[in-house]
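# Understanding the architecture of this molecule
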Amino acid sequence: MSRLPLATSLVGPLIASLWLACAATTAQAEPIADIHTLAQKEQQPLLDTLRDLVNIESGSKDIEGLNQIAERVAGQLRQLGGTVEILQPTDIYRLDDTPEKVGPAVHAVFKGTGSKKIMLIAHMDTVYLKGMLKDQPFRIDGDKAYGLGIADDKQGVALILHTVALLQKLNFKDYGTLTVLTNGDEEISSPGWRSTITRFAADQDVVFSFEGGGTDGTLRLATSGIGSAYLTVHGKSSHAGARPEGGVNALYELSHQVLQMKDLSKPEQGLKLNWTVSKSGTNRNVIPADATAQADARALKVADFDELEKALQDKIKNRLLPDSKVDLKFEVRRPPLEANEASRHMAAYGKTIYQELGMSLKVDEKATGGGTDAAFAALKTRGAVVEGMGLSGFGAHSNDAEYVQLNSIVPRLYLATRMIMDLSTGKLK
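Criteria and cut-off values
- Residues numbered from 1 in each chain as written.
- Predicted model: local features only at pLDDT ≥ 70, side-chain atom pairs only at ≥ 80, totals over all residues.
- Heavy atoms only, no water.
- Axes fitted to C-alpha atoms, helices over the stretch in contact; angles between N-to-C directions.
- Helix = DSSP H or I, 4+ residues; strand = E, 2+ residues; numbered from the N terminus.
- Contact = heavy atoms within 4.5 Å.
- Nonpolar A, V, L, I, M, F, W, Y, C, P; charged D, E, K, R; others polar.
- Pairing = 2+ DSSP bridges.
- Domains from an automatic or database assignment.
- Buried area = accessible area lost by both parts, 1.4 Å probe.
- Salt bridge = Lys/Arg side-chain N within 4 Å of Asp/Glu carboxyl O.
- Buried < 20%, exposed > 50% of the residue type's maximum accessible area, 1.4 Å probe, protein only.
- Arc of directions from axis to C-beta.
- Polar contact = N/O pair within 3.5 Å; in protein donor to acceptor, adjacent residues only side chain to side chain.
- UniProt positions renumbered as here; feature names shortened; annotations may be inferred.

## As for the packing of helix 2 (residues 33-41) against helix 3 (residues 43-54)
Packing of helix 2 against helix 3 leaves a shortest axis separation of 4 Å and a crossing angle of 35°. The segment helix 2 lies against helix 3, with Ala39, Gln40 and Lys41 engaging Gln43, Gln44 and Pro45. Here the residues of the contact of helix 2 with helix 3 are counted per class, giving two nonpolar, three polar and one charged.

Below, the structure written as structure tokens:
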């Protein structure tokens, strides 16, 4: 953990005053030197934190590991002066694959002297199983840092921690509240923390979500909604050789159902339905009595999910085998995040900050298929929601290739810090 040097704490007020004077009089054509210099100095402490986070295995179902990483994150936030609590889930939205126990979240609030409410979110859990750390230890190779879950999303947690640290070193407290929330169940669709994210985000002026920015650091203003369809067929078993006519073949009926539902996608409006998992039968010589299938669904609007569910329910009424029983369950795992004027304005301002660094910042207003917790934050918020504030990287969910790009650390620290400062002081209106 990095500690605040005495010299930095003394010059912090001066830096903040100089920055406010500059902000009040002229638009910056170059990076504000003191902020940029401190961002550069924060790179190594951030990498130290990232190393520590990667070295804690925290798969979504690894409650011990999630508790350990939550304590680590909470401790660093307390050291930075926040009011911090580790929360345990009490309002769990149970999906088909929700485990019995769901991991914790870390909630921190930093109170300032201004009025703006700003929220920073990331997730602590990964898709990996316990024991896989040995195959993806933290290491730096050239211009990349590798490690288990480093891109998705431990870099986001580390970036939030060191953005807060940078603000502390600048002695900047002109925000009203700076809220940090890191949850431990994003990779399983956030059953334990979706309602909390929505509730905390409701009165914020902006929510920055620190999922990675991809290989090119793109900010995302829209993400797909994610849904799942579960098809269950009940038939009747019988001897496949001696008396097949005595059975009701659930596999035949399942095949019929999947085939008649294969063309429900509407790519032109971002609606996708793909059947991905199926199971039937117990023995080669037994007519299968039961069969199941699962489908992945993506949509850009909640109304499209409603329309899709109705179409699926209508389809199952058409059965191949009248004696079979067919049931279908549809669940919305994540709502879509849709771009709005507030988020467009926020991202456009981010572009001007990157220009100070001599860099271009890409902004994507069209969802590409992935879903994140930013969508839960946007459900009731009155402000902007911006996704992809994290580091550039690649290889999320891979066995041995997950990395972040070192050259994205300073620009992202500078971007997040400046966005918070300029919004808090009214420069970003």
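## Quick look at the sheet that holds strand 15 (residues 393-394)
Here we have four strands laid out as an open sheet, ordered 4-5-16-15, and antiparallel in their pairing. Where the open sheet ends on each side, the last strands, each with one partner, are strand 4 (139-141) and strand 15. Pairing between strand 15 and strand 16 (residues 403-405): two bridges, direction antiparallel. Bridge assignment links Phe394 to a residue of strand 16, and that residue is Tyr403.

## Focus: the domain arrangement of the protein
Taken domain by domain, the protein comprises domain 1 (33-223 + 337-425) and domain 2 (234-334). When each unit is reduced to the centre of its C-alpha atoms, the spacing between domain 1 and domain 2 is 38 Å. Surface buried jointly by domain 1 and domain 2 totals about 1,000 Å² across both partners, of which 38% is contributed by carbon and sulfur atoms. Between domain 1 and domain 2 we count four salt bridges in total. A salt bridge links Asp96 to Lys329, with the shortest nitrogen-to-oxygen separation between them at 3.5 Å.

## Focus on the pattern of salt bridges
Under the counting rule described, the total for this entry stands at 25 salt bridges. Linking Asp314 and Lys310 is a salt bridge whose minimum nitrogen-to-oxygen distance equals 3.2 Å. Of this pair, Asp314 and Lys310 both sit in helix 8 (residues 302-315), separated by four residues, roughly a single helical turn. The class of Asp314 is partly exposed, set by a relative accessible area of 37%. Residue class for Lys310 comes out exposed when judged on its relative accessible area of 54%. The network of salt bridges with shared partners includes Asp48, Arg51, Asp52 and Arg72.

## Observations regarding helix 7 (residues 250-260)
Within the sequence span of helix 7, burial applies to Ala250, Glu253, Leu254, His256, Gln257 and Gln260. The arc enclosing the buried residues of helix 7, seen along the axis, measures out at 160°, which places them on a common side. Exposed residues pointing more than 90 degrees away from the buried face of helix 7 are listed as Tyr252 and Leu259. Tucked inside the fold, the buried residues of helix 7 contact strand 9 (225-234), strand 10 (272-280), strand 11 (290-299), helix 8 and strand 12 (325-334). In this structure Asn249 caps helix 7, since a side-chain oxygen of it lies 2.9 Å from the backbone nitrogen of Leu251.

## Some remarks on helix 5 (residues 150-169)
Residues lying three or four places apart along an α-helix face the same way, a consequence of the helix completing one turn every 3.6 residues. Counting buried positions along helix 5 gives 19 out of 20 residues, so the element sits mostly inside the fold. Looking at the residues trailing helix 5, positive phi occurs at Asn171, about 55°.

## Notes on the environment of Ala289
Mapped onto the elements of the fold, Ala289 is located in the loop between strand 10 and strand 11. Under the relative-accessibility criterion, Ala289 is labelled partly exposed at 22%. Remark: the alpha-carbon pair of Ala289 and Ala39, spanning 250 residues in sequence, is separated by 63 Å. Setting aside anything within four residues of it in sequence, one finds Ala289 in contact with Val233, His234, Gly235, Lys236, Ser237 and Ala250.

## Points about the UniProt feature "active site" (unreviewed entry) in the protein
Feature annotation in UniProt places "active site" (unreviewed entry) on Asp125 and Glu186, given in this structure's numbering. Taking the farthest pair of C-alpha atoms as the criterion, the annotated set spanning 62 residues converges on one region, since that pair is 6.7 Å apart. Its location among the elements puts Asp125 in the loop between strand 3 (117-123) and strand 4. A residue is classified by how much of its surface remains accessible, and Asp125, at 0% relative accessible area, is buried. Polar side-chain contacts of Asp125 include one of 2.6 Å to the side chain of Ser60. With respect to the secondary-structure elements, Glu186 resides in the loop between strand 6 (177-183) and helix 6 (194-201). What Glu186 contacts, discounting residues up to four positions off in sequence, is His123, Asp125, Glu211, Arg334, Gly371, Thr372 and Asp373.

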